[in-house]
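A structural walkthrough
Listed here are the chains, written in short residue letters.
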Amino acid sequence: EIQLQESGPGLVKPSQSLSLTCSVTGYTITSGFHWSWIRKFPGNKMEWMGYITYSGSTNYNPSLKSRISITRDTSKNQFFLQLNSVTTEDTATYYCARLEDYTYYFDYWGQGVMVTVSS
Amino acid sequence: DIVLTQSPALAVSLGQKTTMSCKTSQNVDNFGKSYIHWYQQKSGEQPKLLIYFASNLASQVPARFSGSGSERDFTLTINPVEADDVATYYCQQGWEFPLTFGSGTKLEIK
């Protein structure tokens, strides 16, 4: 069974960087698909942030392009989110998810991790 | 960016049929496929894929759920509604990047 699990600090100070890890079991991230980060803001708005492909290419939401980086560690079957210069508006629940290529739907999701940006 | 518009909430009685809409700011059809996908998110849980390409039921999703529509106008139907269906339902377009979501429709039981 494919499972994704997010981990990382639940509290980040403004202007610092937010760093999260997604650990994948049941599927090797280099075998296929795009590995995405999505966030859900208070009030329920959802935003796709970006992905890293099985081959290591990335694609980011232009709204975040200057602040976001998605990388991976294939030896640990993990991928990572780094979001720089955070503000209180980055407070959200962050999900990692597997994205089907060509169809572009998310078929497996992590449980999510809530991150609050506050001093 | 493609904007997806959903009504914020609806209330329905158990055993009844309900429909919820998702309207897109541009056509999301290509070669006979509509790049609209639907998710169910229950309180405290992660989203779950329900429907892909507007009308295809995802694995292990009950046949009470169905989807329809084309171009810019899409519908998710639940018939009959069960207590377990209380959730927020999101549509998402996979037609172009950035991928975008609707604001969600919260389903409640009368």
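See above for the structure.
Please read all numbers here as calculations on a predicted model, not as lab measurements.

The rules behind each value
Residues numbered from 1 in each chain as written. Chains lettered and ligands numbered in written order. Predicted model: local features only at pLDDT ≥ 70, side-chain atom pairs only at ≥ 80, totals over all residues. Heavy atoms only, no water. Helix = DSSP H or I, 4+ residues; strand = E, 2+ residues; numbered from the N terminus. Rg over C-alpha atoms; globule rule 2.2 N^0.38 Å. Buried < 20%, exposed > 50% of the residue type's maximum accessible area, 1.4 Å probe, protein only. Contact = heavy atoms within 4.5 Å. Buried area = accessible area lost by both parts, 1.4 Å probe. Nonpolar A, V, L, I, M, F, W, Y, C, P; charged D, E, K, R; others polar.

1. Considering the overall build of chain A
On a plain count of helices and strands, chain A comes out with 0 helices and 11 strands. Listing the helices and strands of chain A from first to last along the sequence gives β-β-β-β-β-β-β-β-β-β-β. Its C-alpha radius of gyration of 13 Å places chain A within 12% of the 14 Å reference for a compact globule of 119 residues. In chain A, which comprises 119 residues, the share counted as buried stands at 51%. Here the contacts in chain A between residues at least 6 apart in sequence split such that 52% fall between residues at least 24 apart.

2. What to know about the interface of chain B and chain A
Taken residue by residue, the interface counts 18 residues in chain B and 20 residues in chain A. Carbon and sulfur atoms make up 65% of the area that chain B and chain A hide from each other, which totals about 1,700 Å². Mapped by element, the contributors of at least two residues to the side of chain B that touches chain A are strand 6 (36-41), strand 7 (48-52) and strand 11 (87-93) of chain B. Broken down by element, the residue count for the side of chain B that touches chain A peaks at 3 residues, all from strand 6 of chain B. The class makeup of the residues in the side of chain B that touches chain A is 11 nonpolar, 6 polar and 1 charged.

3. Quick word on the environment of V28 of chain B
With respect to the element layout, V28 of chain B can be found in the loop between strand 3 (18-24) and strand 4 (29-30). Measuring from C-alpha to C-alpha, the distance between V28 of chain B and P47 of chain B comes to 22 Å, with 19 residues separating the pair along the chain.

Nothing here speaks to function; it is geometry throughout.
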